[in-house]
Amino acid sequence: MSKRNMLFVYNPKAGKERIRSNLLDIIDIFSKADYEVTVYPTQESGDAIEVVRNRDSRYDIVACSGGDGTLDEVVYGMWKSEKRIPIGYVPAGSTNDFAMSLGIPSAMHASAEALVNGKEYACDIGVMNEDTFVYIAAFGLFTDVSYLTKQDIKNVLGHMAYIIEGARRLSEIRSYHMKVTTDEGVIEDDFVFGMVTNSMSVGGFKDITGKHIKLDDGVFEVTLVKLPDNMLDMSNLMAAFINRDINTELMYCFKTKHIIFESKESIAWTRDGEFGGEHKYVDIRNENKAVTIMVPKDKK
């Protein structure tokens, strides 16, 4: 049997540099599964996009290891390439929300084994003003914590880095007046937070996006949180939001395949935990089953 060709892209700095101590074992797992592996360590932001988009036609699969940002770049590179082939993911980041949603093990050796022994799964991606995201686009409260918190702090503190930074900024809460248009109707209100998701967890919180989520159904789960009247309401609201205890007076929760956000001021967005630019107009659409990702054989 002839060997298959794999391009393996990894971020050496992701998740406490976990990949460094596991790299040789992971490549060994790939090699034992009859892959001829070309290894590419990313050097800076955007590297993975270019190497995947401009890859040689001989590759049968692109595997990647890093955080959600690395996967995001690989998916965007694949989206922009002439021929789309399966993507394998060995998570090495701090939260790995999308891997959790796909049932990919968090342990690196186990996820590498699941990659080579798994099955193909065609899942949705989001397109936001022509940039892609894998599982979340968001604005407002704490959404900039993930990209403003320095990588070395994330590496040392992990999840706590996000919580500490978020708590420190509670006094800075502000709202954004936005007009939100979907195929189902128009909402205009003041929001402290909004997220468009295709994931079963966000920031490590499971079920925060809702229950019975499917990653290949052609629709996003949308959560929009309104500005409460006082700080007591704010703490109650945050608890309700995290527990997905929907307060219809303060939250809009619905599904849609296409959504447009309009505001008079530029608002900072995040895509998969990375800075997504400041925008007055954001058009987000669901691209149904646009990329193929390797998942464990037992994923339903």
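For clarity, every value in this text was computed on a predicted model and none was experimentally measured.

Criteria and thresholds
- Residues numbered from 1 in each chain as written.
- Predicted model: local features only at pLDDT ≥ 70, side-chain atom pairs only at ≥ 80, totals over all residues.
- Heavy atoms only, no water.
- Helix = DSSP H or I, 4+ residues; strand = E, 2+ residues; numbered from the N terminus.
- Buried < 20%, exposed > 50% of the residue type's maximum accessible area, 1.4 Å probe, protein only.
- Contact = heavy atoms within 4.5 Å.
- Areas by Shrake-Rupley, 256 points an atom, 1.4 Å probe, with all protein chains shown as cover.
- Phe/Tyr/Trp six-rings, centres within 6.5 Å; stacked < 30°, edge-to-face > 60°.
- Lys NZ or Arg CZ within 6 Å of the ring centre and 35° of its normal.
- Pairing = 2+ DSSP bridges.
- pLDDT = per-residue confidence, 0-100.
- Polar contact = N/O pair within 3.5 Å; in protein donor to acceptor, adjacent residues only side chain to side chain.
- Expected span 1.5 Å × (residues − 1).
- Core = buried A, V, L, I, M, F, W, Y, C linked by side-chain atoms within 4.5 Å.
- Salt bridge = Lys/Arg side-chain N within 4 Å of Asp/Glu carboxyl O.

Colleague: Before we move on, could you go through the overall build of the protein chain and cite the residues and values that matter?
Modeller: The number of helices and strands found in the protein chain is nine helices and 15 strands. When the 300 residues of the protein chain are sorted by exposure, 54% land in the buried category. Counted over contacts in the protein chain with a minimum sequence separation of 6, partners at least 24 positions apart contribute 74%. Here the protein chain has roughly 14000 Å² of accessible surface; of this, 50% comes from carbon and sulfur atoms.

Colleague: How would you summarise the packing of aromatic side chains if you had to cite specific residues and measurements?
Modeller: In total, this model carries nine aromatic pairs according to the counting rule given. Residues Phe139 and Trp269 carry aromatic rings whose centres are separated by 5.1 Å and whose planes lie at 50 degrees to one another, so their mutual orientation is tilted. A residue pair is termed long-range when its members are at least 10 positions apart, and Phe139 in strand S7 (residues 136-140) and Trp269 in strand S14 (residues 258-271) qualify at 130 residues. Each member of the pair Phe139 and Trp269 is classed as buried. These aromatic residues form a ring-pair network of at least three members: Phe139, Tyr176, Phe261 and Trp269. Sitting over the face of the ring of Tyr35, Arg4 holds its NZ or CZ atom 4.3 Å from the ring centroid.

Colleague: Report on the pairing of strand S9 (residues 185-197), specifying residues and quantitative values.
Modeller: As defined by bridge partners, S7 adjoins S9 across five bridges and the pair is classed as antiparallel. Pairing of Ala137 across the sheet is with Val196, part of S9. Pairing between strand S8 (residues 176-182) and S9: seven bridges, direction antiparallel. For Met178, the partnering residue across the bridge sits in S9 and is Asp189. Following S8, the chain reverses through two residues before pairing antiparallel with S9. Pairing of S9 with strand S12 (residues 220-226) involves six bridges; the strand directions are antiparallel. Of the residues in S12, the one forming a bridge with Phe193 is Val225.

Colleague: Please give an account of the pairing of strand S1 (residues 4-10) that cites residues and values.
Modeller: Residues in a regular strand point their side chains to alternate faces of the sheet. Buried residues dominate S1, accounting for six of its seven residues. Where S1 meets strand S2 (residues 35-41), seven bridges bridge the pair, whose relative direction is parallel. In the strand pairing of S2, Met6 is matched with Val37. Where S1 and strand S3 (residues 61-66) come together, five bridges link them in parallel fashion. Within the sheet, the bridge partner assigned to Tyr10 lies in S3 and is Ser65.

Colleague: Now, about the confidence of the model for the protein chain: what can you tell me, with residues and values included?
Modeller: Predicted coordinates in regions of low pLDDT should not be interpreted in detail. Of all residues in the protein chain, 76% attain a pLDDT of 70 or more, and the chain-wide mean is 84. pLDDT under 50 marks residues 145-150. Its contacts with residues more than four places away, or in other chains, come to 17 contacts.

Colleague: Explain the side chain of Thr270 residue by residue, including any values.
Modeller: One can find Thr270 in strand S14. Within the structure, the side chain of Thr270 is placed 3.0 Å from the backbone oxygen of Glu274, a separation counted as a polar contact.

Colleague: Could you give an account of helix H3 (residues 68-80), with specific residues and numbers?
Modeller: Between its terminal C-alpha atoms H3 stretches 18 Å, which fits the 18 Å expected from 13 residues at 1.5 Å a residue. Within H3, burial applies to Asp68, Gly69, Thr70, Leu71, Asp72, Glu73, Val74, Val75, Tyr76, Gly77, Met78 and Trp79.

Colleague: Which residues make up the side chain of Glu221, and what values go with them?
Modeller: Looking at the element boundaries, Glu221 is found in strand S12. Under the relative-accessibility criterion, Glu221 is labelled buried at 3%. Within the structure, Glu221 has its side chain in polar contact with the side chain of Lys255 (distance 2.6 Å).

Colleague: Give me the nonpolar core: which residues, what numbers.
Modeller: Membership of the largest hydrophobic core comes to 42 residues, with the highest contact counts inside it found for Leu71, Phe98 and Leu102. Here this core gets six residues from one element, more than from any other, and that element is H3. Once you skip the residues sitting within four places of it in the chain, Leu71 turns out to touch Cys64, Ile87, Tyr89, Phe98 and Val134.

Colleague: Just give me the short version of the pattern of salt bridges, but keep the residues and values in it.
Modeller: Going through the model one piece at a time under the given rule, you end up with nine salt bridges. For Lys3, the salt bridge is made with Asp34, and the minimal N-O distance between the two is 3.8 Å. Taken as a pair, Lys3 in the segment before S1 and Asp34 in the loop between helix H1 (14-32) and S2 lie far apart in primary sequence, 31 residues in all. Residue Lys3 is classed as partly exposed on the basis of its relative accessible area, which comes to 44%. A salt bridge links Lys226 to Asp189; the nearest nitrogen and oxygen atoms lie 3.5 Å apart. Pair noted here: Lys226 is in strand S12 and Asp189 is in strand S9, with a separation of 37 residues, a long-range link. Taken together, the salt bridges that share partners define one network made up of Glu130, Arg285 and Glu287.

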